[in-house]
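Survey of secondary and tertiary structure
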Protein chains: 2
Amino acid sequence: MILTVTLNTALDITYTVDGLAPHTSHRVGEVTERPGGKGLNVARVLAALGRETVVTGFAGGAVGSVLRGLLAPLGPRDALVPIAGNTRRTIAVVDSVSGDTTQLNEPGPVISPGEWAALLDTYTALLREAGAVALCGSLPPGVHVGAYADLVRRARAAGVPVLLDTSGEPLRRGIAARPDLVKPNADELAGLTGAREPLRAGRDARRRGAHTVVASLGPEGLLATTPDGVWWATPPSPVRGNPTGAGDSAVAALLAGLVDGLPWPRRLAHAVALSAATVLAPAAGEFDRDAYDGLLPLVRVTEHAAAA
Amino acid sequence: MILTVTLNTALDITYTVDGLAPHTSHRVGEVTERPGGKGLNVARVLAALGRETVVTGFAGGAVGSVLRGLLAPLGPRDALVPIAGNTRRTIAVVDSVSGDTTQLNEPGPVISPGEWAALLDTYTALLREAGAVALCGSLPPGVHVGAYADLVRRARAAGVPVLLDTSGEPLRRGIAARPDLVKPNADELAGLTGAREPLRAGRDARRRGAHTVVASLGPEGLLATTPDGVWWATPPSPVRGNPTGAGDSAVAALLAGLVDGLPWPRRLAHAVALSAATVLAPAAGEFDRDAYDGLLPLVRVTEHAAAA
């Protein structure tokens, strides 16, 4: 099975309003709720692809109960660790006139040392059955900034390939623990390395400890800097739609390709096609299966001449 | 005891952000939750004044459970009717830079005919013990627009004085059923009668069926149009602060004064003082007890020469 870790899970709430005007009152049209946090999104996509998936991380309070209730029918096995605090909410206010989104993200509950210890126990036990593990998203208050580095080391000690998808200082610390794969976007990669040029920044991130770096470059696809070479994978044509969840779908495809032992060009083709099929789906975080199948043979993967 | 009815209860959530910029992402600083809906606010104030208070209305789903949990320690007795749907949330986004508030109000759950029938049963049973009843706020989806008229008639049939605090068509229909008291603000009164001048609009609202009309005129106090005369009550000086809940405090004082059989000038003095003490309290919907005691003898009540 594939394990995903989401330390800062969230109930993602979407409101539709007819134009957002600050300092006025709005009647919300439509209200939707879904379980959120990068690792849960990755797990949902993997489950939709027919992969056995387990999620861990934290959930608590009334909001945590709602999140677990919504997660139950979606496929991934729930191994979330209960906490005393209330799981955070995120509110996406979608302006039905312009289509733009205004995001309000709660800070998340404070995790106690005992709760962190319980997560480590659960994680260590789950690693025994895992073919790969993904560590995803931000850290909640109370969790030390080196937490991902700790989780990376435990995965490596257990012989389980580990993908890290986070940003800022948790990414910097996590990379030093030598994860198999990191998947920063262009901004996160530049923030880490100081280099804005992705080819150069990818090489720099490898020197800092990442075995392989797959940088997501938005509409320009993925750039993989691996020990075996450098590849750039791009969709056949620009896709228009809702980019929410596109990065999580890329992570899901990279994990599946890793477990299947696909060569890098194939892994990247799947990741780019699945990511584009997610942008094309009307619901945020879902993917269009026909588009995925149709795009897969059309993704262009080129090997870069420069040494990794 | 005093009964308050809140058909469209809400979990009132407040977010503090450092400036609200549409179409960007915000980290929420502070998150607070409180039971909301006008009738619950009125009941909280009455309970804080030492009055025996019962609340009814609807609550359901995970949000309803949170609301009931937060209500339990506050004083009013919970006689809310359970529903299948999820109680709505309101989100107040307070800009910590400007102090302005942006409001997002969910529409509320749809009430089924069976749930409405259960509310009528509960309401009718509670009327037997009630010294007064207040019907407060908007109607949730599924409840017919003449619902308040029905509740007013039942209170009158039971001999219980009834106060109606709503707006729009539910107010128009409710007034025709001859409530003892309505408490519109200037806009609601103008919407009802077409007259912007409160003295004239108050007389018109009485002709439409309200026994007494107490119009809340914001910083200019209250104007009472009664069968015995017309009174205007104003605070001794303008008060600055958070006006949230000031109208609900006025309703609470009017109910207490009604139950105690105070003469109109005394009722209005209490209502204006309590309302101003609510504006002065730092937390929305709370009141400053010392300010209430201090302001009470200073409220100016003048009788208007014109006949009601």
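Parameters and conventions
Residues numbered from 1 in each chain as written. Chains lettered and ligands numbered in written order. Predicted model: local features only at pLDDT ≥ 70, side-chain atom pairs only at ≥ 80, totals over all residues. Heavy atoms only, no water. Helix = DSSP H or I, 4+ residues; strand = E, 2+ residues; numbered from the N terminus. Buried < 20%, exposed > 50% of the residue type's maximum accessible area, 1.4 Å probe, protein only. Contact = heavy atoms within 4.5 Å. Areas by Shrake-Rupley, 256 points an atom, 1.4 Å probe, with all protein chains shown as cover. Lys, Arg positive; Asp, Glu negative; His and termini not counted. Charge placed at Lys NZ, Arg CZ, Asp CG, Glu CD. Phe/Tyr/Trp six-rings, centres within 6.5 Å; stacked < 30°, edge-to-face > 60°. Buried area = accessible area lost by both parts, 1.4 Å probe. Salt bridge = Lys/Arg side-chain N within 4 Å of Asp/Glu carboxyl O. UniProt positions renumbered as here; feature names shortened; annotations may be inferred.

**A few points about the overall build of chain A**
For chain A, the count of helices and strands is ten helices and 16 strands. Across its three principal directions, the C-alpha atoms of chain A cover 55 × 45 × 40 Å. In chain A, buried positions account for 56% of the 308 residues. Within chain A, contacts between residues separated by at least 24 positions form 65% of all contacts whose residues are at least 6 apart in sequence. For chain A, the exposed surface amounts to about 12200 Å²; the carbon and sulfur share of it is 52%. Mean positive and mean negative side-chain charge positions of chain A (28 and 29 charges, respectively) differ by 7 Å.

**Notes on the packing of aromatic side chains**
All names here are of chain A. Scanning the model with the defined rule gives two aromatic pairs over all chains in all. Pairing Phe287 with Tyr292 gives two aromatic rings, centres 6.1 Å apart and planes at 85°, and the pair type is edge-to-face. Overall, the relative accessible area of 14% leaves Phe287 in the buried class. Here Tyr292 falls in the buried class, since its relative accessible area comes to 11%.

**Details of the interface of chain A and chain B**
Taken together, the contact pairs 32 residues of chain A with 32 residues of chain B. Contact between chain A and chain B buries roughly 2300 Å² in total, counting both sides, with carbon and sulfur atoms accounting for 57%. The largest share of the area that chain A buries against chain B comes from His23, Arg89 and Leu104 of chain A, three residues that together contribute 24% of it. Applying the counting rule to chain A against chain B returns two salt bridges. Put simply, Arg89 of chain A and Glu33 of chain B hold a salt bridge, and the shortest N to O gap is 2.5 Å.

**A short note on the UniProt feature "domain: Carbohydrate kinase PfkB" (unreviewed entry) in chain A**
Taking the numbering used here, the UniProt-annotated feature "domain: Carbohydrate kinase PfkB" (unreviewed entry) corresponds to residues 11-285 of chain A. Helix makes up 39% of residues 11-285 of chain A and strand 25%. Its end C-alpha atoms lie 14 Å apart.

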